[in-house]
Every structure is written in structure tokens, then in C-alpha cells.
Amino acid sequence: MFFSSVRNGWKTGLKTTWDLGKIIFPVTLIVTLLQHSPVLPWIIDFVSPFMGLIGLSGDAAVPLVLGNMLNLYAAIGAILSFDFTVKEVFIIAVMLSFSHNLLVESSVAVKSGVKLSVILTVRIGLALLAATMIHLFWSGGNELAKYGFVPTAETTPDGFGAIFFTGLEKAAIGVFQLAIVVIPLMIGIQLLKDLQWLDRFSKWMAPVTRAFGMKENTSLTLTAGLIFGLAMGAGVLLQSIKEDGVSKKDTTLAFIFLVACHAVIEDTLIFIPLGIPVLPLFIIRFLTAILLTLLIGTIWTKVEMTNGKEMSYGR
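Residues numbered from 1 in each chain as written. Predicted model: local features only at pLDDT ≥ 70, side-chain atom pairs only at ≥ 80, totals over all residues. Heavy atoms only, no water.

Going by the annotation in an unreviewed UniProt entry, the name recorded for the protein is Nucleoside recognition domain-containing protein, with Fervidibacillus albus given as the source organism.

This is how it looks when you write it as C-alpha cells:
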């Protein structure tokens, strides 16, 4: 049974990597090309005047745009290039924890059947709301931030050919990194399924998923997304949709939770060198995910019950 499980998990992992790679590869390539074009500076210049509304200087537009179009590492590299206050860095970190790598991660979520408008509204809305709340209610953090390290400077590729090759390299590395996580994950999941441990896990998580208005078969998706990230959670969910018949409602609720709180270990620890309090950052993300999912799940369930009663009365 062991070798059969490994073989089936390997096949599933390759299939999932292929499905997600078809999204990640072209998006990464396009974003890399945009990074070395006039488009990115134009976007930064456009959004700079609005930074003051959420307590940030115009320079904060640089890490915010880079973080949303690229990833958190690009944003942190940009943060280290400016003199921000602790409060500004904390606001930027909270915003990017909700809203980063939008093009890739949102595309992956859409692949799972979730509407793009829902993903973007939740992620950008939470980022702006959190920034506004911190700006209005936290009066501290006015001292200059002290960064714990200086990143290694990257050489800028010269010419379109070099830029295109850099984009291909980044895209290929991105898919490879996805594969080395997804394939072992799928093998492990297949083993857990064949040993019937997933059934036990689903039962343990049943009260949590029911509280969110979801069925037990979404528990694995939430766990994978919390630990490994939104793309990994999407990979597990794509497989669950095929095998377990996860409903559109449960898919949407799972992603609403994960867009607010995913890859909690990496995405939290990555901000430690910036000298900001990371525990409040984690608490804000986790509580927001719980409360938002509970609220939407409760409303959705009540609407379903109301519609069900109306249909029964109409018969």
C-alpha cells in the first residue's frame, strides 16, 4: 500500500504543480518585465498622493506597490532603502500581510473557482481598513525604525534580452519551489488518506469548520494554507474539489479565511528584522480571518435557510 500511495501522491503532485505552474510561470514573467518598464514607476507616482490618508509618507508607495505586484521580499528590500518610522513600517507590514503578491495568488484562487472580485475586495479592503485603524488609534511608534540587516544588492539586468531571461529564471524557480513543496505534500496527503487518518483529522476539526459554516472536507485546505501559503492551500483545495466535492460556498469561505491569514509562520517571521512587534501582526491577521469568516459564513447560512423556507412555502 505504501508504494501505491507514494505513486498516486506523486502523480497528483505533478498534476497540481502543472495546473498551478500554468498560472505562476506567465504571471511571474510578466511582472518581471513590468518591473523594468515605465509602468511600475508610473503606478508608484500615481498612488503616492494617497499615502497620507493612511498615515504613510509618499515613499511608502514603493514597498506597497512592489509587495502587491511582486512579493514580501521585494517589499522588505524597498523598506530598507527608506527612513520610515516604526509606526509606518508596522502599517506597511500589516497591509502587506493582507495584500501581497496579488497577481499570482489571486490567479491561483480564481483557478479554484473563487471570484476575482471577492479575492481583491477582501485583500485590498482589509489592508486599507487595518492601515486606517492603526493610523487613527495608535499614537506611538514615531521613532525611526532600526533595521536588523541590509539585503544583498541585486545587479540590474541590461537590455530586453537580459530582462526577459531574468523573468524566465524567476518564473522557473517559482514553479520549482512550488513543486518541491506540493509533491511531498500530496504524497503525504495520499498516505494519510489511505491510512484513514484524514477522516480522524476531519472529525477533530469538525467543530471549527462548522463554526465557519463549512463542511469537514475543507479542514485540510485551511491547515495547508495556514502553514504553507495561499498557493499551497489552493493546490490542496483543487484536489479536494475533484475528490471530495467541496462546494462553491465552502471554497469561497476557505479562501476568505486564507487571504486574511495564510503562511502565518513565514509571513510573520519575515518582518522580524525590520524591528517591529510581530506578535500583534500575527494576532491581527488571525483574529481578522476568524471574525470575517464567521461573519460571512453566518450570513451565508442564514440566507440559504431563508431561501429554503421561501421555496418550501411557495410549493
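Next comes the rest of the description.
Enquirer: Whenever I open this one, the packing of helix α3 (residues 61-69) against helix α4 (residues 72-79) confuses me. Can you help?
Expert: Two numbers describe a pair of packed helices, the interaxial angle and the distance between the axes. Here α3 crosses α4 at 165°, and the two axes come no closer than 7 Å. Classed by the angle they form, the pair α3 and α4 counts as roughly antiparallel. Crossing hand, α3 versus α4: right-handed. Contact residues: V62, P63, L66 and G67 in α3; A74, A75, A78 and I79 in α4. Across the contact of α3 with α4, the residue classes break down as seven nonpolar, one polar and no charged. (Axes fitted to C-alpha atoms, helices over the stretch in contact; angles between N-to-C directions. Helix = DSSP H or I, 4+ residues; strand = E, 2+ residues; numbered from the N terminus. Parallel < 35°, antiparallel > 145°, perpendicular 65-115°, else oblique. Left-handed = near helix turned anticlockwise from the far one by under 90°. Contact = heavy atoms within 4.5 Å. Nonpolar A, V, L, I, M, F, W, Y, C, P; charged D, E, K, R; others polar.)

Enquirer: Sorry if this is basic, but what is going on with the packing of aromatic side chains here?
Expert: Here the distance between the centres and the angle between the planes together describe a pair of aromatic rings. In this structure the tally under the stated criterion is eight aromatic pairs. With a centroid separation of 6.0 Å and an interplanar angle of 55°, the aromatic rings of F46 and F50 are classed as tilted. Site record: aromatic cluster; members linked through ring pairs are W42, F46 and F50. (Phe/Tyr/Trp six-rings, centres within 6.5 Å; stacked < 30°, edge-to-face > 60°.)

Enquirer: Help me understand helix α12 (residues 248-260) in this model?
Expert: Two residues of an α-helix separated by three or four positions point the same way, owing to the 3.6 residues in each turn. In this model, α12 (13 residues) spans 19 Å end to end at C-alpha, consistent with the 18 Å of a helix rising 1.5 Å per residue. Counting buried positions along α12 gives twelve out of 13 residues, so the element sits mostly inside the fold. Within α12, the full set of buried residues consists of K249, D250, T251, T252, L253, A254, F255, I256, F257, L258, V259 and A260. (Expected span 1.5 Å × (residues − 1). Buried < 20%, exposed > 50% of the residue type's maximum accessible area, 1.4 Å probe, protein only.)

Enquirer: Looking at this structure, how should I read the UniProt feature "domain: Nucleoside transporter/FeoB GTPase Gate" (unreviewed entry) in the protein?
Expert: Mapped onto the present numbering, the UniProt feature "domain: Nucleoside transporter/FeoB GTPase Gate" (unreviewed entry) falls on residues 19-100 and 176-265. For residues 19-100, the end-to-end C-alpha separation is 21 Å, with 68% helix and 0% strand making up the annotated structure. (UniProt positions renumbered as here; feature names shortened; annotations may be inferred.)

Enquirer: Is there a simple way to explain the UniProt feature "transmembrane region" (unreviewed entry) in the protein in this structure?
Expert: This chain's UniProt record puts "transmembrane region" (unreviewed entry) on residues 20-44, 64-82, 89-110, 116-138, 171-192, 220-241, 253-276 and 282-301. Each end of residues 89-110 is marked by a C-alpha atom, and these two atoms are 30 Å apart; helix forms 86% of the span and strand 0%. Strand forms 0% of residues 171-192 and helix 100%; the C-alpha atoms that close the span are 31 Å apart.

Enquirer: What am I meant to see in a nonpolar patch on the surface here?
Expert: The grouping of I227, F228, I265, L269 and I272 at the surface amounts to a nonpolar patch, some 460 Å² of accessible area in total. Secondary structure elements with two or more residues in the nonpolar patch: α10 (219-228) and α13 (264-269). Tracing the backbone shows I272 in the loop between α13 and α14 (278-314). (Patch = residues over 30% accessible without salt bridge, like charges linked within 9 Å, V, L, I, M, F, W, Y side chains within 5 Å. Areas by Shrake-Rupley, 256 points an atom, 1.4 Å probe, with all protein chains shown as cover. Salt bridge = Lys/Arg side-chain N within 4 Å of Asp/Glu carboxyl O.)

Enquirer: Looking at this structure, I do not really get the nonpolar core. What am I missing?
Expert: The nonpolar side chains of soluble globular proteins are, as a tendency, buried together. In this structure, L56, I92, M95 and F271 are the most contacted members of the largest nonpolar core, which totals 78 residues. No other element matches the ten residues that helix α5 (residues 86-98) contributes to this core. (Core = buried A, V, L, I, M, F, W, Y, C linked by side-chain atoms within 4.5 Å.)

Enquirer: Where do I start with the pattern of salt bridges in this structure?
Expert: Where charged atoms from two side chains of opposite charge approach closely, those side chains can pair. This model, assessed by the stated rule, comprises two salt bridges. In this structure, R123 engages E105 in a salt bridge whose closest nitrogen and oxygen atoms are separated by 3.0 Å. Of this pair, R123 sits in helix α7 (residues 116-137) while E105 sits in helix α6 (residues 102-111), and the two are 18 residues apart along the sequence. Among the residues examined, R123 registers a relative accessible area of 0% and is labelled buried. Accessibility expressed as a relative area gives 10% for E105, which makes it buried.

Enquirer: What is the right way to look at the environment of T218 in this model?
Expert: Tracing the sequence through the fold places T218 in the loop between α9 (197-211) and α10. Residue T218 is classed as buried on the basis of its relative accessible area, which comes to 0%. For the pair T218 and N142, spaced 76 residues apart in the sequence, the C-alpha separation amounts to 42 Å. Apart from the residues within four sequence positions on either side, T218 is in contact with T209, V246 and D250. Polar contacts involving the side chain of T218 include one to the main-chain carbonyl oxygen of K215, which spans 2.7 Å. (Polar contact = N/O pair within 3.5 Å; in protein donor to acceptor, adjacent residues only side chain to side chain.)

Enquirer: Hey, could you run me through the side chain of D250 in this one?
Expert: Secondary-structure assignment places D250 in helix α12. The charged side chain of D250 is buried without a salt bridge, its nearest counter-charge being K249 at 5.4 Å. If sequence neighbours within four positions are ignored, D250 has contacts with G213, M214, K215, N217 and T218. (Lys, Arg positive; Asp, Glu negative; His and termini not counted.)

Enquirer: Where do I start with the packing of helix α1 (residues 2-35) against α6 in this structure?
Expert: At a minimum axis distance of 9 Å, the contact between α1 and α6 shows a crossing angle of 155°. Between α1 and α6, the angle is such that the two are roughly antiparallel. Considering the relative orientation of α1 and α6, their crossing is right-handed. From α1, D19, L20, I23, I24, V27, T28 and V31 reach across to α6, where they touch L103, V104, S107, V108 and K111. Looking at the contact of α1 with α6 residue by residue, the classes come out as eight nonpolar, two polar and two charged.

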